[in-house]
Amino acid sequence: MKCHFLLLGALLSSSALFAQKPKLPVHQDVPFVQEYSIKYYFKDAAEPLKAHTDLNGAIKVSTKSGLYQLYAGQFLYPGTLEKDGSYRPIADKKIANLGLYQHQFVMIDDKSVLSNAWAGKLFAKHSLPDAYLLAGGKDFSFLISNGSQLEYLPKEGTPWKESISSGKVMDLKYDAGSDLFYALSENALYSVSGKDKKLQKIYSANDLTCFELFSGKIVVGTKNGYLELDKTGKVVTPLQQKLPWTDLTCISVIDNQLWFGSTSGAFMRKPDGKFNYYASERWIPSDKVVHIAKGDENSVLILTDKGVGKIVFTKMTLQEKAEFYDKQVRTRHIRNGFNGTLARMKNGNLSTGTLQDSDNDGLWTSMYLGGEIFRYAATKDPKALQHCRESLDAMERLYTINGVPGFPSRSFERTGYKYEDKPWRRTSDPEWDWKSTTSSDEVIGHIFAFGAMAELIDDKDLKSRSIALIDTLMSHILKNDMYLVDWDGKPTLWGKWHPDYVNSFPTNVGDRKLNSSNITAMLQTAYHFTKKEKYKTKALELMKKHGYYENLMRPMKVIGQAPGNASDWSKMLSGDWNHSDDEMYYMGYWGLYRYAFNDTLKANYKKAIVDHWQYERPEKDGLWNILTAITGIPDFDLEESVWFLQEYPLDMIDWTVKNSHRKDIEMLPPNFIEQLTKEVLPPDEVGMIRHNNSRFLLDRNGRGSVELRAGETWLLPYWAGRYLGVISGPTTVTKK
């Protein structure tokens, strides 16, 4: 034991010189493809059939009750589908369905195949009054069906009909290469030669639902996956079931990529064989997909039983994405200077939302403030400095509003709205209330932001105020024997860093390591900026006498569930991996590493940070990766960090999202770190969560009731990357 303390003493007093840090990789911010959805809803129940866009960019939707057109609609503000009365002679007809021929709208009614293109000359009469399927072939020939019969309509000559006995006809296609039509029924696929008046069954199976012609093959969808045939009907690719969902309803080829519709969302097959999944109201009005087609201006139309989701693909740089998110925060999420939540929304309707307080107003604002500090340090943008000033005003008032010296409130609000919530207290000002019971995650967030501001902001007023707040908070903790003491003279539930509390946990319970790491970072930060010896003395005492250095350096592989003889509190806190703890660790790592007392400690802290990060790598969380880069390691998963930033959805409404049903993900057995799948899903396919939650969560019942803000979730990792120099400024401007 004596040798251990001698070695530890050497570590704490050493200031060894280390080799120069290796150069960090840099992502060049070139434009990438950003997706978002514009949704259009039927106002009344409808039975949709097809959605198409003509060569002029006009979009129409066919239903069993006629044609509809899109009205209004923009990103986050849905439009509607309205009855198409734009041309009365067509509106007055019994239009059964819609198709495209030579990129022009073609319709079928009870008497003919017709169009307004080609000066209206296309008017091919037929003899199937209940026909609703059509496909155009060579030289204005058409094949139509009413579900049980086929009729071929040549431009010139005599039409001919044929009956289908193998179930209901589901769809018709034309292959220009072979000059053959294909007809799919529930139980068979047929080739149809119009010129030879020949119908030939080329494939039989049950539960066929849809098909498409692609790369010389016929892709056939079923109720349980898809398979591929050659043009003769021979199976060349057996049934594929590793899909987001296997009950397929439609298949389309758009820009040489296969799109699938199903009873549970739409998905696009990528070149690597994996899928982009478009489900939930983030993307489409309903998960019951009816048809998929190319839209206007780099978009794809996904028709569902409740409306259309227009998936727009646009080029954007990360900085342009940051500008979008900045507007989201500044116009909808600032409450008294806090980075706030827009809540109580009705089904994603932003106009129905209201800004609400949060237990973690201080933490979320600290993280947003940290991002704006990094933004200003990287760009010297005066807007960022103004945002820093406004957020610091709010953070500062957390300390002055409650009358408890050095104690940070959780939040404050205008009086009269929080009387039912016991932690809320009255102030001497009759206009305001404040919230007590502040927790340790708030405190570490405050110290992170105040330290970053003191270091990186060149405004004397902001720098001095942030240092004063560090001193105020840490003096309170030291004065109260390493506790955060509330208005009633008692420590808050979580504000405890005294050895009697910290070391009461078994060594494998995460709170012992976490609290030791956080308080060391906080004391180092306080000493670094105030130079008051009391902070350094207390930090060294905790590390040397009470084992906090050993605690914080303990490898993550040791952390797990408390043993059977541990307290109930220890067992409760260690039931599984705590992702809020991850957030607290990383908010503390800034002060732990950058403000270390000496280089030897810094080198060892680096080991602890990287050890923790290794456990976080599967989540591909951009914040953990980029903050790990402060240690100077060259491999901090920059590519995965950029993936996280690029794949993060522009729509941050908390929709109900489901992925647990998917057949294309590999589930893992239950484990302590809550990694449910072998690979994490992209951020735009899972529910809206902050960094303090597992990115492996597959389902979320959001109901469109909240819009999360980008301040802490996206802007912090992006601007941290910009400040640290691992993400460049934009190399190309795509739009203004």
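Everything numeric in this text was worked out from a predicted model, so none of it was measured.

Draft legend 1. A look at helix H16 (residues 638-647). Regarding H16, the residues found buried are Leu638, Ser641, Val642, Phe644 and Leu645. Each buried residue of H16 sits inside an arc of 155 degrees when the element is viewed along its axis, so together they form one side.

Draft legend 2. Spatial organisation of empty space enclosed by the protein. All chains considered together, the criterion is met by 6 cavities of 30 Å³ or more. There is about 130 Å³ of room inside the largest cavity. Lining the largest cavity are 14 residues, and of these Gly510, Ile559, Trp577, Asn578 and Asp581 sit closest to its centre. Listed by contribution, the elements that provide at least two residues to the lining of the largest cavity are helix H9 (510-530) and helix H13 (579-594). With 3 residues, H13 is the single largest residue contributor to the lining of the largest cavity. By residue class, the composition of the lining of the largest cavity is 6 nonpolar, 4 polar and 4 charged. Roughly 60 Å³ of volume is contained in the second largest cavity. Around the second largest cavity, the lining residues are Trp577, His579, Tyr615, Glu616, Pro618, Glu619, Ile673, Gln675 and Phe696. Of the residues assigned to the lining of the second largest cavity, the class counts are 5 nonpolar, 2 polar and 2 charged.

Draft legend 3. Highlighting the packing of aromatic side chains. Going through the model one piece at a time under the given rule, you end up with 40 aromatic pairs. Seen from their ring centres, tyrosine 527 and phenylalanine 597 are 5.8 Å apart, and the 75 degrees between their planes marks the pair as edge-to-face. Residue tyrosine 527 is located in helix H9, and its partner phenylalanine 597 is located in the loop between H13 and helix H14 (599-616); the two are separated by 70 residues in the primary sequence. The two residues tyrosine 527 and phenylalanine 597 agree in class, both being buried. When the ring of phenylalanine 644 is compared with that of tyrosine 648, the centres are 5.4 Å apart and the planes differ by 55 degrees; the resulting orientation is tilted. This pair shows no difference in class: phenylalanine 644 is buried, exactly as tyrosine 648 is. Here a set of aromatic residues connected by ring pairs shows up, and it is made of Tyr36, Phe75, Phe324, Tyr325, Trp714, Tyr718 and Trp719. Between arginine 397 and the ring centre of phenylalanine 412, over which it is positioned, the NZ or CZ distance is 4.9 Å. The ring of tyrosine 527 carries the charged tip of lysine 531 above its face, separated from the ring centre by 5.5 Å.

Draft legend 4. How the structure looks around the sheet that holds strand S14 (residues 160-163). Within the open sheet, the 4 strands sit side by side as S11-S12-S13-S14. Their pairing is antiparallel. A single partner strand is all that each edge strand has here, and the edge strands are strand S11 (133-136) and S14. Averaged over all pairs of adjacent strands, the angle between their axes in this sheet comes to 15 degrees, without regard to strand direction. Sheet analysis places strand S13 (residues 149-153) next to S14, joined by 4 bridges and oriented antiparallel. Its bridge partner lying in S14, glutamine 149 is registered against serine 163.

Each value, and the rule that gives it
- Residues numbered from 1 in each chain as written.
- Predicted model: local features only at pLDDT ≥ 70, side-chain atom pairs only at ≥ 80, totals over all residues.
- Heavy atoms only, no water.
- Buried < 20%, exposed > 50% of the residue type's maximum accessible area, 1.4 Å probe, protein only.
- Helix = DSSP H or I, 4+ residues; strand = E, 2+ residues; numbered from the N terminus.
- Arc of directions from axis to C-beta.
- 1 Å grid on protein atoms, 1.4 Å probe; cavity = no way out; pocket = protein on both sides within 12 Å on 5 of 7 lines; lining within 4 Å.
- Points joined across faces, edges and corners; volume = space filled by probe spheres on them.
- Nonpolar A, V, L, I, M, F, W, Y, C, P; charged D, E, K, R; others polar.
- Phe/Tyr/Trp six-rings, centres within 6.5 Å; stacked < 30°, edge-to-face > 60°.
- Lys NZ or Arg CZ within 6 Å of the ring centre and 35° of its normal.
- Pairing = 2+ DSSP bridges.
- Axes fitted to C-alpha atoms, helices over the stretch in contact; angles between N-to-C directions.

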